[in-house]
Amino acid sequence: MTRFDLAHWDLYNADQVGRAPRQLCRDLLARAGEGAGRQAVDLGAGSGVEAAALVRAGWRVLAVDPAPATADLVPRQVPPALRAGLQVRVAAVQEVFPLPGAHLVHASYALPFVPPSQFAHVWDGVRAALAPGGWLGVTLFGERDGWATDPAMADVLTFHPWAEVDRLLDGLDVLVVDEREHDGPAFGGTKHWHTFEVVARRLS
């Protein structure tokens, strides 16, 4: 198995079933409120934990993930009575644009796995999908992340210095940029993490 191939993501996603929704998703929901049928997009939906939280909060959710088991795994996290509010697409993030207009886009630990050659296309697509008043929550990898020094990752993962994060957010109402740096567990080992957790909003 190659690092970050589809078999890796199936194993990773299966391991995530049963955990609580990530803080980024909880923060978005606290700010955006009840979905009331509004459209949300969950990029890199993984096991479906965050997609399920969004559906339970009344959002219509398009959940995107490339892992082959996604189509079966994600709906199982949503109560049957609520599954009409969930659409699942098995695809890499960079393959799903243009996205439907959305009032919330969530991408926790997904966008760093877009290759650098395709990141601008993805970021432009994410911003274009945000409806006026729409909420955005993303995790980005910083330049001091442990994987940034691995030559095998140079064409696979995207890392950003602070100045570039600031440029990416230009024109948005930025509520949170939480820069974190620590040594901690990764799936299959430990690493040095350098991340930016962002919550922002398109005002017009």
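1. Points about unusual backbone geometry
As a rule of thumb, non-glycine residues mostly have phi less than zero, and peptide bonds are mostly trans rather than cis.
Thought 1: Each neighbour pair has its own omega, and for F97 with P98 the value is 0°, a cis peptide bond.
Thought 2: The phi dihedral of A36 is positive, around 50°, even though this residue is not glycine.
Thought 3: Along the polypeptide, A36 turns up in the loop between helix 2 (23-32) and strand 1 (39-43).
Thought 4: One non-glycine residue with positive phi stands out, namely Y109, at about 55°.
Thought 5: Of the residues examined, Y109 reaches a relative accessible area of 26% and is grouped as partly exposed.

2. Remarks on helix 5 (residues 116-129)
Thought 1: In this model helix 5 runs 20 Å from its N-terminal to its C-terminal C-alpha over 14 residues, within 8% of the 20 Å that 1.5 Å per residue would give.
Thought 2: Of the residues making up helix 5, those classed as buried are F119, V122, W123, G125, V126 and A129. Seen end-on, helix 5 carries its buried residues on one side only, within an arc spanning 165°. In this structure, helix 5 carries S117, A120, D124 and A128 as exposed residues pointing more than 90 degrees from its buried face.
Thought 3: Those residues of helix 5 that are buried are in contact with strand 1, strand 4 (102-107), strand 5 (130-142), strand 6 (159-160) and helix 6 (162-168).

3. Details of helix 1 (residues 6-16)
Thought 1: All of the buried residues along helix 1 are H8, W9, Y12, N13 and Q16. When helix 1 is viewed along its axis, its buried side chains cluster within an angular range of 125° and face the same direction.
Thought 2: Buried-residue contacts for helix 1 involve helix 3 (49-56), strand 2 (60-65) and helix 4 (70-73).
Thought 3: Following helix 1 by one or two positions, G18 adopts a phi angle in the positive range, close to 100°.

What counts and what doesn't
Residues numbered from 1 in each chain as written. Predicted model: local features only at pLDDT ≥ 70, side-chain atom pairs only at ≥ 80, totals over all residues. Heavy atoms only, no water. Helix = DSSP H or I, 4+ residues; strand = E, 2+ residues; numbered from the N terminus. Buried < 20%, exposed > 50% of the residue type's maximum accessible area, 1.4 Å probe, protein only. Expected span 1.5 Å × (residues − 1). Arc of directions from axis to C-beta. Contact = heavy atoms within 4.5 Å.

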